[in-house]
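# Summary of the model geometry
Below are the chains, spelled out letter by letter.
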Amino acid sequence: MIDLRLLRDDPDTVRASQRARGESESAVDDLLRADEERRAAVQRFEALRAEQKQLGKRMSKADPAERAELLARTKELAAEVKAAEAAVGEAEAALRRAQYAIPNIVEEGAPPGGEDDYVVLREVGTRPDIANPRDHLELGEALRAIDVERGAKVSGSRFYFLTGVGALLQLGLLQLAMNQAVEYGFIPCITPTLVKPESMEGTGFLGAHASEVYRLEADDLYLVGTSEVPLAAYHAGEILDLTEPIRYAGWSSCYRREAGSYGRDTRGILRVHQFDKVEMFSYCRPEQAHDEHLRLLAWEEEMLAKVEIPYRVIDVAAGDLGTSAARKYDCEAWLPSQGRYREVTSTSNCTTFQARRLNVRYRDENGRPQIAATLNGTLATTRWLVAILENHQQPDGSVRVPKALQPYVGGRDVLEPR
RNA sequence: GGAGACUUCGCCUAGUCUGGUCUAUGGCGCCGCACUGCUAAUGCGGUUGGGGUGUUAAAGCCCCUCCCGGGUUCGAAUCCCGGAGUCUCCGCCA
């Protein structure tokens, strides 16, 4: 949720942000109105309440005759206070709704436009020259690494088993990511994957993307689509020491309904309901967030270099940002079977948007609590296996193992079909 | 699943039975000042958070905040109902 002070002082910045995202500008005026109405309601209530307290004080030391006289007035007042309080409650709920309707303010410099208006910042690595490349499923099945048939039998479409070297490769990849994160001072963290509604809400995933999320009706819990959710909610309601950024590396399974993607990426494990991920998550002061964002991107690129995958970095356009993100960079790996780049990492600067909802704060130089900034970025996921298998395939269907991953597959430098 | 105890302003804690200067006690920690050759000790003072108003900024004033949400009452930390969390015991499962 956005800063109401910023909104009051500079509504045009908010309007410009809405325009960049292709979202409604009238939502800004709705919010301004809701803000004013709430303040008016608060003032009415507080005036009545102050009077009630004054009378209450006199009542406590009044003699019986005076007391009876006061009672008539206080009884009347009690009803008015109650009504005014209810009005405040409604005004606050309306304000909250209006506030939730506006996504984060887009960072200056983010490309305007929609999904296709991203800007390519750079291309890194050499695309392999493979005649008639096999796709990751063909390679994975030959290696007995990926089993989607039994995944579908047991759990349905978009589920899979990783077996043998497939399982080892994924564990190794995630371990490699975790090791890198720890090396740079991240606190390793294995998170819950079921969270309460307020945790999901606080991170902004119940807005436009609510249909993407699995919900357990009987227990009123949600399955997380990323460990960003538990890691953001981890410090909810706390005041942190942010002299230096606090960084967590979260390892978790992730669950996505993929409701709007019927018929898209149905082959293999490119788009699945459940996968594993190591996610970087930073809490820092708002003025540090921009630099932190670039650091997260650099760490993602360092991981991609370790697994020797060609990729490009894109600056995601305003209209394609998530609700909470002010700016987003994706790394996309080259997939020889598709002849194009596909997303394998995504790092978002959520500025104070998430932290304001979750009430995560720090103390400034004057000791005053201020809202923190949060950022997140992908360090490795199951999807990386797709890029690893395809880019390192050899004509005979074997797959070369990047040096960094060799220790995790028994020291082998090549995986042979069996 | 059943029974009980508990939840107070960073941490610990008094207050709840018996509703009203509770405008919440004390300790620890932290900050400032004094004393001291330094440190420590000691003394004095300050120290919840949010919101409204106000202002260049502040001060000041006001409201809310005793786990959360309702209720009773002129008035709730205190009484009643519901919920959450923590702990103990029993049952069940692994």
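Structure's up top.
About the cut-offs
- Residues numbered from 1 in each chain as written.
- Chains lettered and ligands numbered in written order.
- Predicted model: local features only at pLDDT ≥ 70, side-chain atom pairs only at ≥ 80, totals over all residues.
- Heavy atoms only, no water.
- Axes fitted to C-alpha atoms, helices over the stretch in contact; angles between N-to-C directions.
- Helix = DSSP H or I, 4+ residues; strand = E, 2+ residues; numbered from the N terminus.
- Parallel < 35°, antiparallel > 145°, perpendicular 65-115°, else oblique.
- Left-handed = near helix turned anticlockwise from the far one by under 90°.
- Contact = heavy atoms within 4.5 Å.
- Phe/Tyr/Trp six-rings, centres within 6.5 Å; stacked < 30°, edge-to-face > 60°.
- Buried < 20%, exposed > 50% of the residue type's maximum accessible area, 1.4 Å probe, protein only.
- Lys NZ or Arg CZ within 6 Å of the ring centre and 35° of its normal.
- Nonpolar A, V, L, I, M, F, W, Y, C, P; charged D, E, K, R; others polar.
- Pairing = 2+ DSSP bridges.
- Patch = residues over 30% accessible without salt bridge, like charges linked within 9 Å, V, L, I, M, F, W, Y side chains within 5 Å.
- Areas by Shrake-Rupley, 256 points an atom, 1.4 Å probe, with all protein chains shown as cover.
- Salt bridge = Lys/Arg side-chain N within 4 Å of Asp/Glu carboxyl O.
- Lys, Arg positive; Asp, Glu negative; His and termini not counted.
- Charge placed at Lys NZ, Arg CZ, Asp CG, Glu CD.
- Polar contact = N/O pair within 3.5 Å; in protein donor to acceptor, adjacent residues only side chain to side chain.

### As for the packing of helix H7 (residues 165-183) against helix H10 (residues 289-306)
- Viewed as axis vectors pointing N to C, H7 and H10 meet at an angle of 135 degrees, and their least axial separation amounts to 11 Å. Relative to H10, H7 is oriented oblique. The crossing of H7 and H10 is right-handed. Facing Leu173, Leu176, Ala177 and Gln180 of H7, the residues of H10 in contact are Trp299, Glu302, Met303 and Lys306.

### Some thoughts on the packing of aromatic side chains
- Using the criterion set out here, one finds six aromatic pairs in the structure.
- Relative to Trp299, the ring of Phe186 has its centre 5.1 Å away and its plane inclined at 80 degrees; by these criteria the two rings are edge-to-face. Of this pair, Phe186 sits in the loop between H7 and strand E4 (187-190) while Trp299 sits in helix H10, placing them 113 residues apart in sequence.
- Using a relative accessible area of 3% as the deciding quantity, one classes Phe186 as buried.
- Each ring, one from Tyr248 and one from Tyr283, has its centre 6.2 Å from the other, and the planes form 85 degrees; the classification is edge-to-face. Of this pair, Tyr248 sits in strand E9 (residues 246-255) while Tyr283 sits in strand E10 (residues 274-284), placing them 35 residues apart in sequence.
- What makes Tyr248 buried here is its relative accessible area of 7%.
- For Arg127, the ring lying beneath its charged end belongs to Trp334, and the centroid distance is 4.2 Å.
- Geometry around Tyr100 places Arg357 over its ring, the cationic atom sitting 3.9 Å from the centre.

### Considerations on the packing of H7 against helix H12 (residues 384-391)
- Between H7 and H12, the shortest axis-to-axis distance is 11 Å and the interhelical angle comes to 115 degrees. Here H7 lies roughly perpendicular to H12, going by the angle between them. Crossing angle aside, the handedness with which H7 passes H12 is right-handed. On H12, the residues that touch Gly166, Leu169, Gln170 and Leu173 of H7 are Trp384, Leu385, Ile388 and Leu389.
- Grouping the constituent residues of the contact of H7 with H12 by class yields six nonpolar, two polar and no charged.

### Description of the sheet that holds strand E6 (residues 215-216)
- In spatial order, the strands read E5-E7-E6; together these three strands make up an open sheet with antiparallel pairing. If you trace the sheet from one side to the other, it starts and ends with strand E5 (194-195) and E6, each paired once.
- Of the strand pairs in this sheet, E6 and strand E7 (residues 221-223) are connected by two bridges, and their pairing is antiparallel. Residue pairing for E7: Leu216 is matched across the bridge by Leu221.

### Structural notes on a positive patch on the surface
- Residues Arg49, Lys53, Lys57 and Lys61 make up a contiguous surface patch of positive charge.
- A relative accessible area of 53% means that Lys53 is categorised as exposed.

### Quick word on a negative patch on the surface
- A grouping of Glu115, Asp116, Asp117, Asp320 and Glu343 is seen on the molecular surface, where their side chains present a negatively charged patch.
- You can see Glu115 is positioned in the loop between helix H4 (64-100) and strand E1 (119-124).

### With respect to the sheet that holds strand E14 (residues 361-363)
- What the three strands build is an open sheet, ordered E8-E14-E15; its pairing is mixed. Two strands bound the open sheet, and with one partner strand each, they are strand E8 (239-240) and strand E15 (369-371).
- The pairing of E14 with E15 spans three bridges and is classified as antiparallel. Bridge pairing in E15 places Tyr362 opposite Gln370.

### Thoughts on the side chain of His392
- Here His392 lies in the loop between H12 and strand E17 (399-400).
- Taking the relative accessible area as the measure of exposure, His392 reaches 4% and is therefore buried.
- Among the polar contacts made by the side chain of His392, one reaches the main-chain carbonyl oxygen of Val307 at a distance of 2.9 Å.
- Other than its neighbours up to four places away in sequence, His392 contacts Val307, Glu308, Ser398, Val399, Arg400 and Pro402.

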